[in-house]
Amino acid sequence: MPQSPLPRVVVGSRNPNRIDRGLFPDGVDIRSQKEAVDSAERVVFAAVYPEHYYTLVGSATRLNSGEQSNAEKLAELFPESRVVKGFNVISAWALQAGVHDGSRQVLICSDCSTSKDTVLQLARSMGFSPMDVGGLCQSRDIEEAPLILFPSWGGQNNFHQLPLVTMNETLPAVALVTLALVYLPGLVAAVFQLCRGTKYKRFPRWLDHWLCRRKQLGLLSFLCVVLHAVYSMCLTLRRAAGYTLLNAAYHQVKADVENSSVGQQVWRSDLYLSCGILGFGVLTLLAITSLPSVGNAFNWREFTFVQSGLGYTALTLSIMHTLFFGWDFAFFPVAYPYYLPPMYLLALILPCIVLGPWVVIAQFYISCFLYCQYLIKA
Ligand SMILES: Cc1cc2nc3c(=O)[nH]c(=O)nc-3n(C[C@H](O)[C@H](O)[C@H](O)COP(=O)(O)OP(=O)(O)OC[C@H]3O[C@@H](n4cnc5c(N)ncnc54)[C@H](O)[C@@H]3O)c2cc1C
Ligand SMILES: NC(=O)c1ccc[n+]([C@@H]2O[C@H](COP(=O)([O-])OP(=O)(O)OC[C@H]3O[C@@H](n4cnc5c(N)ncnc54)[C@H](OP(=O)(O)O)[C@@H]3O)[C@@H](O)[C@H]2O)c1
Ligand code: HEM
């Protein structure tokens with residue numbers, strides 16, 4: 001401001017002696033508030049919180065606490081002054097150091113066009129891009145402007161869902177994909193052996209590494225499932241869940257609906273929870289047998305039965321849990337905001353690829369068995 005076309009800058013303070021002189025550039029006077037205002041030739045900047053405006057008048061005048069903006073309150077306190085609103089969208093740091101980052105735009109409004117022109121010109125000479133937005137009644141919008149954070153993100157923000165709800169979507173998705181990654185290399189290995197026609201040939205290094213990492217991947221998946229189970233049990237303890245329930249009850253009462261239970265949804269929740277719990281139980285068995293002291297008590301066949309047989313059972317139950325959870329949601333357009341599929345559908349891709357060949361083989365065996373039965377009877 002000292003470099004602007006204003007002839008002289010005087011700073012007003014309740015206690016000028018307390019202010020460190022080095023705080024302002026040379027040529028800036030520091031006086032009492034009254035002296036500063038009296039010596040002003042053109043513009044007085046009021047940069048104090050509205051609760052402290054009374055110190056400018058010198059008495060504890062009560063302000064209208066209605067819907068007025070700060071600028072309107074100031075105009076009410078000083079009826080003989082012409083009030084211009086501006087600069088509140090610029091930080092103190094930018095005013096001091098110059099605008100390097102962020103917007104240069106300064107929104108300005110006033111009921112007096114001459115005063116507004118003076119401030120517009122001043123803002124321009126300070127390196128800002130002033131914008132005339134009209135009369136003082138616009139000051140309400142100007143005062144709201146710095147408080148708005150990405151308004152196009154939508155009315156109600158859902159950031160409160162990050163700690164629990166989003167975690168409880170991410171953890172099970174990671175668990176399911178990781179579980180599929182445990183059983184995928186066995187399948188790839190089998191395909192390699194079939195293609196080569198022998199099992200006495202080394203796998204490529206990447207597959208060897210992958211096969212050796214299955215225990216770690218399995219335990220990582222188990223950890224995610226344990227956390228997911230704990231998170232899921234806490235879902236109903238959330239305050240937001242209580243509000244949702246209360247709101248639903250209120251709407252139900254208002255709509256005069258006595259019983260809002262939907263049979264299909266009851267089936268859905270019971271089925272997905274049951275499959276999830278069973279899957280969790282089987283995975284716990286796998287985790288226990290992976291302890292060396294327990295694993296050593298099994299012979300090779302027993303260990304393979306538990307790890308491979310029960311492992312696939314856990315994978316199947318987990319897929320069923322997720323499918324029952326999704327139910328028919330994926331068939332509605334609402335499931336594809338921004339044209340992206342829901343998380344649970346993406347998490348199902350790899351597990352279904354792993355289980356797919358076994359389903360085909362099982363179908364083949366069942367068909368053969370039924371055909372043999374038919375031949376025997378015939
Ligand atoms: C909670 C949890 C704990 C786990 N703990 C363990 C653990 O302690 N130890 C462990 O090893 N795994 C562990 N796993 C991983 C996994 O359960 C086992 O590796 C399981 O045996 C994999 O079964 P599979 O049927 O996919 O593969 P496999 O039974 O290994 O074999 C599938 C097919 O791949 C081929 N194949 C695989 N490896 C070879 C090879 N080296 N040479 C030749 N052919 C091969 C064969 O054709 C075979 O028929 C754990 C998983 C979980 C979820
Ligand atoms: N800081 C920013 O980046 C920024 C950005 C945009 C808008 N604003 C707005 O600018 C105004 C001032 O903000 P600020 O950050 O500069 O605040 P501040 O530093 O706390 O206060 C500004 C001045 O008000 C006086 N003051 C402090 N406490 C007071 C009290 N209890 N009674 C009377 N006067 C008191 C002080 O002057 P003396 O002690 O010398 O009298 C002080 O220098 C606010 O309306 C704010 O919303 C600030
Ligand atoms: C004790 C066992 C389990 C319980 C109590 C349980 C509970 C739940 C609940 C309540 C949900 C719905 C969450 C929501 O409303 O957003 C859910 C979703 C899900 N669960 Fe489980 N679950 C269990 C085990 C498992 C297992 C073993 C897996 C797989 C490894 C799994 C994978 C998933 C997946 C992928 C979802 C969908 C997440 C989403 O997109 O919102 N769960 N589970």
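The name given to the protein in an unreviewed UniProt entry is STEAP3 metalloreductase, with Lates calcarifer as the source organism. Reading the Sequence similarities (unreviewed entry) entry of the UniProt record for the protein gives the comment "Belongs to the STEAP family."

This brings us to the sheet that holds strand 5 (residues 129–134). Here we have three strands laid out as an open sheet, ordered 3-4-5, and mixed in their pairing. Each having just a single partner strand, strand 3 (84–85) and strand 5 make up the two edges of the open sheet. Where strand 3 and strand 4 (residues 105–110) come together, two bridges link them in antiparallel fashion. In the strand pairing of strand 4, Lys85 is matched with Cys109.

Further remarks concern the coordination of the iron atom of ligand 3. Distances from the iron atom of ligand 3 to its protein donors, namely His228 (NE2) and His321 (NE2), fall within the range 2.0 Å. One way to put it: the six donor atoms around the iron atom of ligand 3 meet at angles of 86 to 179°, and that makes the site octahedral. Here the residue His228 occupies a position in helix 9 (residues 214–234), and His321 occupies one in helix 13 (residues 300–326), the gap between them amounting to 93 residues. By relative accessible area, His228 is classed as buried at 16%. Residue classification places His321 among the buried residues on the basis of a relative accessible area of 17%.

What follows concerns the site of ligand 2. The local shell around ligand 2 consists of Ser13, Arg14, Arg18, Ala47, Val48, Tyr49, His52, Thr55, Asn88, Ile90, Ser91 and Ala92. Between ligand 2 and Arg14 there is a distance of 2.8 Å, counted from an oxygen atom to a side-chain nitrogen or oxygen. Taking His52, its side chain carries an N or O atom lying 3.2 Å from a nitrogen atom of ligand 2. Coverage of ligand 2 by the protein amounts to 58% of the 880 Å² it exposes when considered alone. Residue classes in the shell around ligand 2 are distributed as five nonpolar, five polar and two charged.

Glancing now at the UniProt feature "domain: Ferric oxidoreductase" (unreviewed entry) in the protein. Sequence positions flagged by UniProt for "domain: Ferric oxidoreductase" (unreviewed entry) are, in local numbering, residues 174–312. For residues 174–312, helix accounts for 81% and strand for 0%, while the C-alpha atoms at its two ends are 17 Å apart.

Turning our eyes to something else, we now look at the nonpolar core. Ranked by size, the top nonpolar core spans 31 residues in total, and within it Tyr183, Leu283, Leu286, Tyr312, Leu315 and Val354 carry the most contacts. Breaking this core down by element, the ones donating at least two residues are helix 7 (162–196), helix 9, helix 11 (263–289), helix 13 and helix 14 (343–377). No other element matches the 10 residues that helix 7 contributes to this core. When near neighbours in sequence (up to four residues on either side) are disregarded, Val354 contacts Ala180, Tyr183, Leu184, Leu187, Tyr312 and Leu315. Ile90, Ala94, Leu120 and Ala123 belong to the second-largest nonpolar core, a separate cluster that totals nine residues.

For the protein, the assigned domains are domain 1 (43–151) and domain 2 (159–377). Of note, the centres of domain 1 and domain 2, computed from C-alpha atoms alone, are 59 Å apart.

What follows is about the UniProt feature "transmembrane region" (unreviewed entry) in the protein. Here, the residues flagged by UniProt with the feature "transmembrane region" (unreviewed entry) are residues 171–195, 216–238, 271–291, 303–324 and 344–372. End C-alpha to end C-alpha, residues 271–291 measures 31 Å, and it is 90% helix and 0% strand. Secondary structure content for residues 303–324 is 100% helix and 0% strand, while the C-alpha to C-alpha distance between its ends is 30 Å.

With that out of the way, let us pick up helix 9. With 21 residues, helix 9 should reach 30 Å at 1.5 Å per residue; the first-to-last C-alpha distance of 30 Å fits that figure. Of all the positions in helix 9, only Leu217, Ser221, Phe222, Cys224, Val225, His228 and Ala229 are classed as buried. Down the axis of helix 9, the buried set is contained in an arc of 165°. They therefore lie on one face. Tucked into the core, helix 9 has its buried residues touching helix 7, helix 8 (205–212), helix 11 and helix 13.

Around ligand 1 sit 19 residues, and of these Tyr183, Gln193, Ser290, Gln307 and Ser308 come closest. With respect to ligand 1, the side chain of Gln307 contributes an N or O atom lying 2.7 Å from an oxygen atom. In the environment of ligand 1, an oxygen atom lies 2.5 Å from a nitrogen or oxygen atom belonging to the side chain of Ser308. Going through the elements one at a time, helix 7, helix 9, helix 11 and helix 13 are the ones with two or more residues in the shell around ligand 1. Top element by residues in the shell around ligand 1 is helix 7. It accounts for six residues. Of the residues contributing to the shell around ligand 1, the split by class is 11 nonpolar, six polar and two charged.

As a further point, take the packing of helix 13 against helix 14. Contact geometry for helix 13 and helix 14: axes closest at 10 Å, N-to-C directions at 140°. Our classification of the angle between helix 13 and helix 14 gives oblique. The interaxial crossing formed by helix 13 with helix 14 has left-handed handedness. Across the interface between the two elements, Tyr312, Leu315, Thr316, Ile319, Thr322, Leu323, Phe325 and Gly326 from helix 13 touch Tyr344, Leu348, Pro351, Cys352, Val354, Leu355 and Trp358 from helix 14. When grouped by side-chain class, the residues that make up the contact of helix 13 with helix 14 number 12 nonpolar, three polar and no charged.

What counts, and where the lines are drawn
- Residues numbered from 1 in each chain as written.
- Chains lettered and ligands numbered in written order.
- Predicted model: local features only at pLDDT ≥ 70, side-chain atom pairs only at ≥ 80, totals over all residues.
- Heavy atoms only, no water.
- UniProt positions renumbered as here; feature names shortened; annotations may be inferred.
- Pairing = 2+ DSSP bridges.
- Helix = DSSP H or I, 4+ residues; strand = E, 2+ residues; numbered from the N terminus.
- Donors = N, O, S within 2.8 Å, 3.2 Å for Na, K, Ca; no water.
- Tetrahedral: all angles 85-135°; square planar, octahedral: opposite > 155°, others 65-115°.
- Buried < 20%, exposed > 50% of the residue type's maximum accessible area, 1.4 Å probe, protein only.
- Near = heavy atom within 4 Å.
- Polar contact = N/O pair within 3.5 Å; in protein donor to acceptor, adjacent residues only side chain to side chain.
- Areas by Shrake-Rupley, 256 points an atom, 1.4 Å probe, with all protein chains shown as cover.
- Nonpolar A, V, L, I, M, F, W, Y, C, P; charged D, E, K, R; others polar.
- Core = buried A, V, L, I, M, F, W, Y, C linked by side-chain atoms within 4.5 Å.
- Contact = heavy atoms within 4.5 Å.
- Domains from an automatic or database assignment.
- Expected span 1.5 Å × (residues − 1).
- Arc of directions from axis to C-beta.
- Axes fitted to C-alpha atoms, helices over the stretch in contact; angles between N-to-C directions.
- Parallel < 35°, antiparallel > 145°, perpendicular 65-115°, else oblique.
- Left-handed = near helix turned anticlockwise from the far one by under 90°.

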